Amino acid sequence: MQKIIQKHFYFLVAVFAIVFTQSFGQTIPERPSPPKLVNDFAGIMQSSEVATLEQKLVAFNDSNSTQIAIVTIKSIEGYDIADYAFKLGEKWGVGQKGKDNGILIVVAPNDRKVFIATGYGAEEYVTDAMARRIIEQKFKPSFKNNNYYQGLEDGTNDIIDLLTGKFKAEQQEKIGKHKGSFLKIIVIIIIIIL
């Protein structure tokens with residue numbers, strides 16, 4: 001009896017995994033043909049703004065080995081934005097093949113979510129901390145005013161500056177100082193507890 005229950009349990013788990021994977025895959029759009037670096041599926045920018053961003057990112061792609069892409073989608077339908085962004089980047093093949101050096105910005109305005117997915121080959125330049133800073137300081141303030149183009153323009157400028165080494169050292173130092181201060185506070189708390 002226990003073996004029968006166990007078989008049914010494994011069968012249900014397998015069916016659930018297949019359904020979940022297929023339903024998740026269906027929410028990820030197919031890459032347009034011909035491929036573009038800026039895909040405004042949510043319709044949050046004017047066509048001239050999309051063209052300006054596309055031109056900038058194509059020029060950067062042509063002069064640098066790292067590819068930056070932007071995808072706006074109305075909703076990610078309850079999925080985690082990070083998982084969605086990485087799956088989309090993988091499905092579309094953002095970045096150079098074999099180098100995993102693509103950066104994908106996903107904006108879901110109906111969910112009020114944005115994420116920067118960085119491939120392993122670009123993480124050295126665009127760290128998680130720097131990506132969060134760009135989201136908080138560039139994307140979110142503009143997005144709150146429904147100025148998606150300006151946020152993406154400013155944010156991609158920062159990403160390009162990071163990738164080309166033009167980012168101001170004082171801005172990186174500020175982040176480093178905040179991390180150092182946080183670590184000092186934790187050490188002091190641990191010493192007090194001990």
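Residues numbered from 1 in each chain as written. Predicted model: local features only at pLDDT ≥ 70, side-chain atom pairs only at ≥ 80, totals over all residues. Heavy atoms only, no water.

## Things to note about helix α5 (residues 148-164)
In step 1: With 17 residues, α5 extends 24 Å from end C-alpha to end C-alpha; this agrees with the ideal 24 Å at 1.5 Å per step.
In step 2: The buried count for α5 comes to 12 of 17 residues, which makes it a mostly enclosed element.
In step 3: The complete set of buried residues in α5 reads Y148, Y149, G151, L152, E153, G155, T156, D158, I159, I160, L162 and L163.
In step 4: Just downstream of α5 lies G165, where phi reads positive at about 75 degrees. (Helix = DSSP H or I, 4+ residues; strand = E, 2+ residues; numbered from the N terminus. Expected span 1.5 Å × (residues − 1). Buried < 20%, exposed > 50% of the residue type's maximum accessible area, 1.4 Å probe, protein only.)

## Thoughts on the nonpolar core
Proteins that are soluble and globular tend to have nonpolar side chains buried together.
In step 1: Grouped together as the largest cluster of nonpolar side chains are 46 residues, with contacts concentrated most on M45, I68, I105, I116, F139, L152 and I159.
In step 2: Where this core is concerned, the elements lending two or more residues are α2 (47-63), β2 (67-72), α3 (81-92), β3 (102-108), β4 (113-118), α4 (128-144) and α5.
In step 3: A total of 7 residues in this core trace back to one element, the largest contributor, which is α5.
In step 4: Setting aside chain neighbours within four positions, we find I116 in contact with I103, L104, I105, A131, I134, I135, F139 and I159. (Core = buried A, V, L, I, M, F, W, Y, C linked by side-chain atoms within 4.5 Å. Contact = heavy atoms within 4.5 Å.)

## Points about the pairing of β2
In step 1: Burial within β2 is extensive, with 6 of its 6 residues counted as buried.
In step 2: A two-sided burial pattern is seen for β2, the buried positions comprising Q67, A69 and V71 on one face and I68, I70 and T72 on the other.
In step 3: Where strand β1 (residues 38-40) lies against β2, 3 bridges are found, and the strand directions are parallel. The residue of β2 that forms the bridge with V38 is I70.
In step 4: Strand direction decides the pairing type here: β2 and β3, joined by 6 bridges, are parallel. Bridge pairing links I68 to I103 in β3.
In step 5: Tracing the backbone out of β2, into α3 and back to the parallel element β3 gives a crossover that is right-handed. (Pairing = 2+ DSSP bridges. Right-handed = clockwise from strand over helix to strand, strands pointing away.)

## Observations regarding the pattern of salt bridges
In step 1: Enumeration according to the criterion identifies 5 salt bridges in this entry.
In step 2: We note a salt bridge from K91 to E30, for which the minimum N-O separation is 3.0 Å. Placement of the pair is K91 in helix α3 and E30 in the loop between α1 (2-27) and β1, with a sequence separation of 61 residues.
In step 3: On the accessibility criterion, E30 (58% relative accessible area) is exposed.
In step 4: Of the charged contacts, one joins D158 and R133 as a salt bridge, the two residues approaching to 2.9 Å between their closest N and O atoms. Of this pair, D158 sits in helix α5 while R133 sits in helix α4, and the two are 25 residues apart along the sequence.
In step 5: Exposure remark for R133: the relative accessible area of 9% places this residue in the buried category. (Salt bridge = Lys/Arg side-chain N within 4 Å of Asp/Glu carboxyl O.)

## Focus: the environment of K56
In step 1: Tracing the backbone through its elements, the reader meets K56 in helix α2.
In step 2: For the pair K56 and I68, spaced 12 residues apart in the sequence, the C-alpha separation amounts to 10.0 Å.
In step 3: Excluding residues within four positions of it along the chain, K56 makes contact with E153, T156, N157 and I160.

## Section: unusual backbone geometry
In step 1: Here the amide bond leading from S33 into P34 is cis, since omega sits at 0 degrees, within 30 degrees of zero.
In step 2: Tracing the sequence through the fold places P34 in the loop between α1 and β1.
In step 3: Although it is not a glycine, E77 adopts a positive phi angle of roughly 55 degrees.
In step 4: For E77, the position within the fold is in the loop between β2 and α3.
In step 5: Even without being a glycine, N146 presents a positive backbone phi close to 60 degrees.
In step 6: Looking at where N146 falls in the secondary structure, it is placed in the loop between α4 and α5.

## So, the sheet that holds β4
In step 1: If you walk across this open sheet you meet the 4 strands as β1-β2-β3-β4, and the pairing is mixed. Of all the strands in the sheet, the pair left with one neighbour each is β1 and β4. Each strand axis lies, on average, 10 degrees off the axis of its neighbour in the sheet, ignoring direction.
In step 2: Packed onto the sheet, α4 meets β3 and β4 and runs at close to 145 degrees relative to β4. (Axes fitted to C-alpha atoms, helices over the stretch in contact; angles between N-to-C directions.)

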